[in-house]
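Spelled out from the first residue to the last, the chains are:
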Amino acid sequence: MPRLGVNIDHVATVRQARRTVEPDPVWAATLAQLGGADAITFHLREDRRHIQDRDARLLKETVQVKLNFECACIPAMLDFAIEVHPTDVLLVPESRQEITTEGGLNVVGKRDDIKIAIQRLHDAGISVSLFVDPDPHQIAASKLVGADSVELHTGAYALAATGNPRAKQLLVFRQACELVLQHELQLHAGHGLTYMNVRAIALTPRLAELNIGHTIVSRALMVGMTQAVREMKALVTTTAE
Ligand code: PXP
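Report on the accompanying structure. What you see is a predicted model; the values in this text were computed from it and never measured.

### Quick notes on the sheet that holds strand S7 (residues 186-190)
Reasoning step 1: What the eight strands build is a closed barrel, ordered S1-S2-S3-S4-S5-S6-S7-S8; its pairing is parallel. When strand polarity is set aside, the average angle formed by the axes of neighbouring strands in this sheet is 25°.
Reasoning step 2: Note that strand S1 (residues 3-7) and strand S2 (residues 39-43) share three bridges and pair parallel. When the bridges of S2 are listed, Gly-5 appears paired with Ala-39.

Here it is, written out as structure tokens:
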């Protein structure tokens, strides 16, 4: 059974829409743990569009389960990750134009930089996961540079139309999983998974961790809306004493 890593970035996205203090992703992380999250994952982007440095520090102080710090492989971010000292650092590619992480890391092309980054993180006692496409070359390169885990990008599977196209992507994903395991890397997966498409991925043998964000935050808004309105309605309709 995989661990469920809950990515709380988009709680911060709603907060940053108003640059205010609510909703607090740190509070959401506590609620996620009460719901059974086995890990809390956050992505500190260079442009700080959602998670802020303060969130990372407070998450480190308050999260009681595994903490995954997702970031780009750049020295300033690695310095901060080492200061925060999460359980895992998850290295991802980052571009300012993208709405979300679009593809996996080019480990083959950036082998030297990634190897140095992993060594730094290992020296600090932090495990390293690399976010890669289900591509045999990227998986083999991840082993060579010394990664502990590989998080396979499930975006192509999630975006494929149901039926044959999705079955084809599931096969590509499953073959990549076998390769990850043959290289004796821990197998993680995530991106684009929803309540509708997660089951086939979750049933993958020896999958250690799934990281899921947007769909959980979306669902939380929907299942919490009735209660939130009920509370506001009581405040605005209660007559003065
Ligand atoms: N894994 C990685 C590396 C990601 O960048 C993201 C998105 O922040 C996720 C998993 C979670 O993706 P989603 O929000 O689509 O569930």
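Once you've had a look at it, read on.
### Here's the deal with the pairing of S2
Reasoning step 1: S2 sits mainly inside the fold: five of its five residues count as buried.
Reasoning step 2: The two faces of S2 match: Ala-39, Thr-41 and His-43 on one face and Ile-40 and Phe-42 on the other face are all buried.
Reasoning step 3: Sheet topology places S2 next to strand S3 (residues 66-72); five bridges connect them, and they run parallel. Note that in S3 the partner of Ala-39 across the bridge is Lys-66.

### Notes on the pattern of salt bridges
Reasoning step 1: In total, this model carries ten salt bridges according to the counting rule given.
Reasoning step 2: In this structure, the salt-bridge partner of Arg-54 is Asp-55, at a minimum N-O distance of 2.7 Å.
Reasoning step 3: When salt bridges with common partners are traced through the structure, they connect Arg-3, Lys-66, Asp-88 and Glu-209 into a single cluster.

### What to know about the packing of helix H2 (residues 25-34) against helix H3 (residues 53-62)
Reasoning step 1: Interaxial distance between H2 and H3 falls to 9 Å at its minimum, and their mutual angle equals 30°. Between H2 and H3, the angle falls in the class roughly parallel. Crossing of H2 over H3 shows right-handed handedness. On H3, the residues that touch Pro-25, Val-26 and Ala-29 of H2 are Arg-54, Asp-55, Leu-58, Leu-59 and Thr-62.
Reasoning step 2: Of the residues in the contact of H2 with H3, the class split is five nonpolar, one polar and two charged.

### Brief notes about the packing of helix H4 (residues 75-84) against helix H5 (residues 111-123)
Reasoning step 1: Between H4 and H5, the least distance of the axes is 10 Å, while the angle of their chain directions is 15°. When the axis of H4 is compared with that of H5, the two are roughly parallel. Classified by chirality, the crossing of H5 by H4 is right-handed. Taking contact as the criterion, the partners of Pro-75, Leu-78, Asp-79 and Ile-82 in H4 are, on H5, Ala-117, Arg-120 and Leu-121.

### Points about the packing of aromatic side chains
Reasoning step 1: What the rule picks out here adds up to two aromatic pairs.
Reasoning step 2: Ring centres of Phe-42 and Phe-69 lie 4.8 Å apart, and the angle between their planes is 55°; this geometry places the pair in the tilted category. Of this pair, Phe-42 sits in strand S2 while Phe-69 sits in strand S3, and the two are 27 residues apart along the sequence.
Reasoning step 3: For Phe-69, a relative accessible area of 0% gives the class buried.
Reasoning step 4: Here the aromatic rings of Phe-69 and Phe-80 are separated by 6.1 Å at their centres, their planes lie at 70°, and the arrangement is edge-to-face. With Phe-69 in strand S3 and Phe-80 in helix H4, this pair connects stretches of sequence that are eleven residues apart.
Reasoning step 5: Among the aromatic residues, those joined into a cluster by ring pairs are Phe-42, Phe-69 and Phe-80.
Reasoning step 6: Taking NZ or CZ as reference, Arg-166 lies 5.5 Å from the ring centre of Tyr-157, over its face.
Reasoning step 7: Directly above the ring of Tyr-195 sits Arg-219, whose terminal nitrogen or CZ lies 5.9 Å from the centroid.

Definitions and limits used
Residues numbered from 1 in each chain as written. Predicted model: local features only at pLDDT ≥ 70, side-chain atom pairs only at ≥ 80, totals over all residues. Heavy atoms only, no water. Pairing = 2+ DSSP bridges. Helix = DSSP H or I, 4+ residues; strand = E, 2+ residues; numbered from the N terminus. Axes fitted to C-alpha atoms, helices over the stretch in contact; angles between N-to-C directions. Buried < 20%, exposed > 50% of the residue type's maximum accessible area, 1.4 Å probe, protein only. Salt bridge = Lys/Arg side-chain N within 4 Å of Asp/Glu carboxyl O. Parallel < 35°, antiparallel > 145°, perpendicular 65-115°, else oblique. Left-handed = near helix turned anticlockwise from the far one by under 90°. Contact = heavy atoms within 4.5 Å. Nonpolar A, V, L, I, M, F, W, Y, C, P; charged D, E, K, R; others polar. Phe/Tyr/Trp six-rings, centres within 6.5 Å; stacked < 30°, edge-to-face > 60°. Lys NZ or Arg CZ within 6 Å of the ring centre and 35° of its normal.

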